[in-house]
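A closer look at the structure
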Amino acid sequence: MRKYLFLFLSACCLTWNARAQQSYELSSPNGEIKVSVRLEDKIYYDIAYDGETLLKDNAMKLQTTERTMGEFPKLSKKQLSSVKETLTPVVPLKFSTVNNEYNKLLLTFKGNYSVEFRAFNDGVAYRFATKGKGETEVLGEEFSLGFPGDYLLHLQQPGGFKTSCEEPYTHVESASWKPSDKMAILPALIDTRKEYKILVSEADLTDYPTMFLKGTGQNGVSATFPKVPLEFGDDGDRSVKILKEANYIARTEAERNYPWRYFVITKEDGQLIENTMTCRLSDKNQLEDVSWIKPGQVSWEWWNGAVPYGPDVNFRAGCNLETYKYFIDFASKFGIPYILMDEGWAKSTRDPYTPNPDVDLHELIRYGKEKNVGIVLWLTWLTVEKHFDLFKTFNEWGVKGVKIDFMDRGDQWMVDYYERVARAAAENHLFVDFHGAFKPAGLEYKYPNVLSYEGVRGMEQMGGCTPDNSVYMPFIRNAVGAMDYTPGAMISMQPNIYRSERPNSASIGTRAYQMALFVIFESGVQMLADNPTMYYRNEDCTRFLTQVPVTWDETRVLDAKVGEYAIVAKRKGEKWFIGGMANGKGDRTFDLSLDFLKDGKTYRLTAFEDGVNADRQAMDYRKRNADVKKGQKLSVKMVRNGGFAAVLE
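Summarised in this report is the structure supplied together with it. Since this is a predicted model, take the numbers as computed values, not measurements.

Note the cis peptide between Leu 186 and Pro 187, where omega equals 0°. Following Arg 502, the chain continues into Pro 503 via a peptide bond in cis, with omega recorded as 10°. Assignment of secondary structure puts Pro 503 in the loop between β31 (492-493) and β32 (507-508). Residues other than glycine seldom take positive phi values, yet Thr 486 does so here, at roughly 60°. A relative accessible area of 3% means that Thr 486 is categorised as buried.

Attention now moves to the sheet that holds strand β30 (residues 450-453). To summarise the sheet geometry, strands pair through backbone hydrogen bonds and adopt either a parallel or an antiparallel arrangement. Reading across from one edge, β30-β29-β28-β27-β24-β23-β33 is the order of the 7 strands in this open sheet, with parallel pairing throughout. What marks the edges here is a single partner per strand, and that holds for β30 and β33 (525-528). Neighbour-to-neighbour, the strand axes of the sheet open up by a mean angle of 25°, direction not taken into account. Judged from the 4 bridges that link them, strand β23 (residues 296-300) and β33 form a sheet pairing that is parallel. What sits directly across from Gly 296, in β33, is Val 525. Strand contacts of helix α5 (residues 361-370): β24 (338-341) and β27 (374-380), with the helix running at about 145° to β27, the strand carrying the most contacts. Here helix α8 (residues 412-427) sits on the sheet in contact with β28 (401-405), β29 (431-434) and β30, set at roughly 155° to β29.

Among the 10 residues that make up helix α11 (residues 511-520), 10 are buried, leaving the element largely enclosed by the rest of the structure. Looking only at α11, the buried set comprises Arg 511, Ala 512, Tyr 513, Gln 514, Met 515, Ala 516, Leu 517, Phe 518, Val 519 and Ile 520.

Conventions we followed
- Residues numbered from 1 in each chain as written.
- Predicted model: local features only at pLDDT ≥ 70, side-chain atom pairs only at ≥ 80, totals over all residues.
- Heavy atoms only, no water.
- Helix = DSSP H or I, 4+ residues; strand = E, 2+ residues; numbered from the N terminus.
- Buried < 20%, exposed > 50% of the residue type's maximum accessible area, 1.4 Å probe, protein only.
- Pairing = 2+ DSSP bridges.
- Axes fitted to C-alpha atoms, helices over the stretch in contact; angles between N-to-C directions.
- Contact = heavy atoms within 4.5 Å.

As structure tokens, this is what we get:
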């Protein structure tokens, strides 16, 4: 009997040791974040912060027509290493230099594939890599997360894979999100309802569809992907109908790296705003010459109806030569480098080579060059696809950039389209602003002429664009990359009395709130959405707005709470700007530390803040000046849907 008991215990020990050998741990450089990987029927991993498990029994798998990677994985090699480097993004939206430090675990498996984990001080990322010859068809990818507690999910939930990614945020209990409910786009924010928040997104997305999330009904989420479209039908001048789909989500090279799946994990809400994870995980710049890429502000006519007015307007306003010259004169006076000519500049949306004769595009390009103002042209994606040589033509004309609209999809074909556009535009020294677009996922670092993406419920939504929704954006959408929200309204209203229609377009939120968005929101092309007439009539505000940079050397969050308020300081050279925005809950007062200023220097503060009646008359603001130094406190009051904007120099 003792002999059999000994054999039984020995077998148990061998089994335990075998299982122990199939468990691996990776910690962040500071030791606070830990990834625990185990190899069983799938590749599972847990993520913990300070010893507390935040995501549990997460699983991954990649299935192609030839094999299923991650199913009963057999490890052939394990490698641990560390990286510490400094990145210098061509278009620095947060920092002119980015510290990239992480520990790396590379697991290589039999079957010619590997999984790489990276643990940063502010998060975790992983990706598949495969080897092989020729092409392969990816049938699906498993990405599943398990929540050990009752979490709150902040999501954008479209009705299907066709989406412009402009849905308002929804706030979903993790345990109640069922597979039959609406899916969600990335990025998504997970609130653990304790100390931590987790931002989920992807990076280095190329030749592969965007990932969507859906609830499991068992307190977790899983991934779903649009399939490859095979046949298209006509659907007007700006879209197509997908008539037939493949049974796979991607047809791609058998040997490749797949997109990163990443988690930014923070104790402080402001760290979400400061994070640079997309930058750190994206492919490096592919362009030899980037000297021609000039981010900057843009005067935009669509939101205000292209109808300047007043005693200095003695012409019939509209989509014509005189109106656009008026916009160019305005841009020139205030040092705005570009104007955007939206729908209507061409005789037909289907023909990018024949301008509207009332516009006289070539005269405007000549006049703009004389005034040091470049021209940006709007196009539908379908027109671009049918006339892909337009980039060469536009470059010859002297156009500086293009705004491409209505893609509204994230399947592999469309992801490839973004990259083809970025490459062709770069070859012809044109920058790109993608509208009707999914979120940034790394293309903008590979081709830094991609200066912005919409993919946000921005101000064009008029009454559908509220501070209660927009205050989430610095923590979610803008936290993964550039965002073309199109701020700058000079008619401001509180939501209970909001009325607006072009050309008398208005925004919800106070005047100081609108001004603050130029500091808080990040975009390589920041639109000034309102009418030049309104900017001339509010010249003190306009002079502030037009000196706000679109690229930055340093970003510091002074105070922030997801869904309630964000106050951010940003530095360009020796100047600091501060922007604050708040939701509709009521008055708040903040005492902000100025410890980010240099020792021994006195700074002149010029501030725009909510006026005493701004909670009712949203255009009420006051301007104040003061001398401040490091070590002082700056008292700031924001009313409901209010804001604060300042420059220190």
